[in-house]
Structures are given as C-alpha cells and as structure tokens.
Amino acid sequence: MQDKIKNINTLEELQVLYTETYGKNGTMTARLKEMKNLDNDARAALNTENAALRELFKTRQTEIENAVLMAGLQKQRLDTSLNPEPENRGTLHPLTQSLSEISEILESFGYKRYTGPEIEDDWHNFTALNTPMHHPARDMQDSFFLENGKVLRTQTSAIQIRAMESDGVPIKMFGIGSTYRKEWDATHGPMFGQIEGLYIDKNITMSSLLADIRAFLSRFFGLEDVELRIRPSYFPFTDPSIEVDMKWKNDKWLELMGAGMVHPNVLRNCGINPDEYQGFAFGFGWDRLAMLKYNLPDLRDLYNNDVRWLKSAGF
Ligand code: DAH
C-alpha cells in the first residue's frame, strides 16, 4: 500500500485510491468497522496502521500539489532579459518646482508668504499703489477689466497692500500668485506668475534691498557670485525706482526685476507713517526666472501642459 501511494503522481489517481481505501466501501473502512471484534493488541495495531496510512495520503497529496505548483511556475517563468517598458513617473512641473524653491529661499531670509485674490479691486491693484484713476502709469499694464469694475490682478504688488492693511508694520513679506495682462509672445503670456517682496521697518535702506536680491539670485541659480546692474526706472509705488539686471553666462545682461524704496504715499494709504517707517519692495516674474534656470526658449511652453514637451525638456 505504501509503495502504491508513493508511485501515484496525480491528485486524481490519489483520490481514486483514497476512495478505494476510505470510501463507503473502502478496504480500510471495512476493517475499521470490524474493529470491535478484535482483541486489544490487534485493535492497537490497526489504529497505528490507520493513522500512518492517513498520514501517508496527506503527505503524498502535499507533495503532488507542490510538484504541480512548481511545474506551473516553471512554465510561467518571466523573461527578465527583455527591456521593461520605461517607467512613467510623474514629476513636479517646472513652475511648481521653481515656485517652491523661490518660496523656500525667501522664507529662509525671514520673508513671510502671503497670497491674495486674483480678481482684485481698483484700490489694491492701482489706487493704493499710488496709481489713482487717470494716472498715466495705468497704461504701463494692459489690463483685463471686468464688468463689475474689478480687474484681473495685473501685479502681485496688490498683495503687499493687503498685507500692510491686515498686519501693519514692521513687515517682511512676499506675495505670490498669478497675474494677468493682455500680452502674448515668446516671453510674455496673458497669465504669468509674479512674486512681490516687501520689507518695511525703521532702518531699511536700498543697500538692504540689494543684499537680499543678490543673495536670493545666487541661491536660486546656484551661482557663487552674481554680477548685478542697477538702472534707474519708474514705478508709481516706489521712489527711487530701479530695474535690476543680472549678468548671464554668455555675458548678456538680463532684466530680472523691478524694485525700489516704497513710495511714502503707499505707506500713507495703508495707514503707516512714512516719517517713521520706510522700506523696499521688489517684483519679478517667477516664470521668467524658471525659463532662465531651466534654459527654456518659450515661456508659453510652461503653460501648455504638453507632457511630450515637458519630457523632452527633461522634466
Ligand atoms: N509690479 C511691477 C510690475 O508688475 C513690478 C515691481 C516693480 C514691483 C517694482 C515692485 C517694485 O514692488 O518695487 O511691473
């Protein structure tokens, strides 16, 4: 019987033999039925034989099951020499990446992050920024006006007004968000990202401004030293106003940002005494900075969300 079981190689055959042995009319079943007629020794011997036989069936069943499993696995074996499909992992969009880098740097300098509404009222976008109705500087920005008199924020400078109104001075903040103007070419889109920095306290000077800008640019571009060029400029909300250029790799000067000392009228508009407090502000397009950092030729690509382009640009 033992050999018979060991020679069986399929579960079906094993099942047949099991039924022949333990089924209703099975050989062992019959013997067990007669057990009551046996003496003690014979009874004990039968019990032992029965237990061993059951064990044998169980062991063989496990062996056959394992063999079947192994055979299946052998057949299904993967060909690991094939090149796998390239992994399609998502990444952060270049704008998101530079946005968080910029925020991190400014926050490490002690600037607190603020946001504001993209549909802005006239006061925050223009008037409080020393650009009242009919001021010629309103023409510097080709604005999208809404029927209700509001405007799609043309500059994140609006956020500095909101921050001063809500938190007063001293204040060291940056505002960040989307801004809108009627523009469309390789370096300008109708929507672009802007950052506005503001630092107002009792002893803030133009040199504090330049120190922060220099430190910021060298951190962001990973340059040990940055060469800056300061040009006089005009913005209604700063006096004096400057434009900051940076010398780029090919010795080209790049216009990076506007800045200046906050105009006393702006402080007054926010209920701050300009004889006591003064400070600087700066503003720049963060998508332009991303373009430079990642060497991208057309700003509009950043907003098309074309995955093929993003991948070919290395993102
Ligand atoms: N708001 C200006 C613009 O959109 C940028 C700017 C220039 C912001 C000078 C400033 C500043 O805070 O001081 O063109």
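Please refer to the structure placed before this passage.
The text that follows walks through the structure, step by step, so that each part is easy to find. Keep in mind it's a predicted model, so treat the numbers as computed, not measured.

**Section: the site of the ligand**
- What surrounds the ligand is a group of 16 residues, the closest being Gln155, Ser157, Arg181, Gln194 and Glu196.
- Within the backbone of Phe282, one N or O atom sits 3.4 Å away from an oxygen atom of the ligand.
- Relative to its unbound accessible surface of 350 Å², the ligand loses 92% to contact with the protein.
- The site holding the ligand turns out to be the largest pocket.
- Mapped by element, the contributors of at least two residues to the shell around the ligand are helix H7 (157-167), strand E5 (191-201), strand E8 (253-262) and strand E9 (278-285).
- Among the residues making up the shell around the ligand, the classes are represented as 5 nonpolar, 9 polar and 2 charged.

**Observations regarding empty space enclosed by the protein**
- For the structure shown, the criterion picks out 2 cavities of 30 Å³ or more.
- The calculated volume of the largest cavity comes to roughly 60 Å³.
- Lining of the largest cavity is provided by Phe126, Thr131, Ala137, Arg138, Met140, Gln141, Gln155, Phe235, Pro236 and Phe237.
- In terms of residue class, the lining of the largest cavity is built from 6 nonpolar, 3 polar and 1 charged.
- Of the pockets and cavities examined, the second largest cavity occupies roughly 30 Å³.
- Taken together, Leu106, Phe109, Tyr111, Asp212, Ile213, Phe216, Met257 and Phe282 make up the lining of the second largest cavity.

**Regarding the layout of surface pockets**
- Considered as a void within the structure, the largest pocket measures approximately 740 Å³ in volume.
- Lining the largest pocket are 32 residues, with Arg181, Gln194, Glu243, Gly283 and Gly285 sitting closest to its centre.
- For the lining of the largest pocket, the secondary structure elements donating two or more residues are E5, strand E6 (228-235), strand E7 (238-247), E8, E9 and helix H10 (286-293).
- Sorting elements by how many residues they give to the lining of the largest pocket places E8 first, with 6 residues.

**Here we look at the packing of aromatic side chains**
- Counted by the stated rule, this structure contains 14 aromatic pairs.
- Centroid distance Phe216 to Phe220: 6.1 Å. Interplanar angle 10°. Geometry classified as stacked. One end of the pair is Phe216 and the other is Phe220, both in helix H8 (residues 206-221) and 4 residues apart, which spans about a single turn.
- Seen from their ring centres, Phe282 and Phe284 are 6.2 Å apart, and the 5° between their planes marks the pair as stacked.
- Residue Phe284 is classed as buried on the basis of its relative accessible area, which comes to 2%.
- Of the aromatic side chains, those joined through ring pairs into one cluster are Tyr111, Tyr199, Phe216, Phe220, Phe221, Trp248, Phe280, Phe282 and Phe284.
- The residue whose ring lies beneath Lys172 is Tyr199, and the NZ or CZ to ring-centre distance is 4.6 Å.

What counts, and where the lines are drawn
- Residues numbered from 1 in each chain as written.
- Predicted model: local features only at pLDDT ≥ 70, side-chain atom pairs only at ≥ 80, totals over all residues.
- Heavy atoms only, no water.
- Near = heavy atom within 4 Å.
- Polar contact = N/O pair within 3.5 Å; in protein donor to acceptor, adjacent residues only side chain to side chain.
- Areas by Shrake-Rupley, 256 points an atom, 1.4 Å probe, with all protein chains shown as cover.
- 1 Å grid on protein atoms, 1.4 Å probe; cavity = no way out; pocket = protein on both sides within 12 Å on 5 of 7 lines; lining within 4 Å.
- Sits in = over half its atoms within 2 Å of the grid points.
- Helix = DSSP H or I, 4+ residues; strand = E, 2+ residues; numbered from the N terminus.
- Nonpolar A, V, L, I, M, F, W, Y, C, P; charged D, E, K, R; others polar.
- Points joined across faces, edges and corners; volume = space filled by probe spheres on them.
- Phe/Tyr/Trp six-rings, centres within 6.5 Å; stacked < 30°, edge-to-face > 60°.
- Buried < 20%, exposed > 50% of the residue type's maximum accessible area, 1.4 Å probe, protein only.
- Lys NZ or Arg CZ within 6 Å of the ring centre and 35° of its normal.

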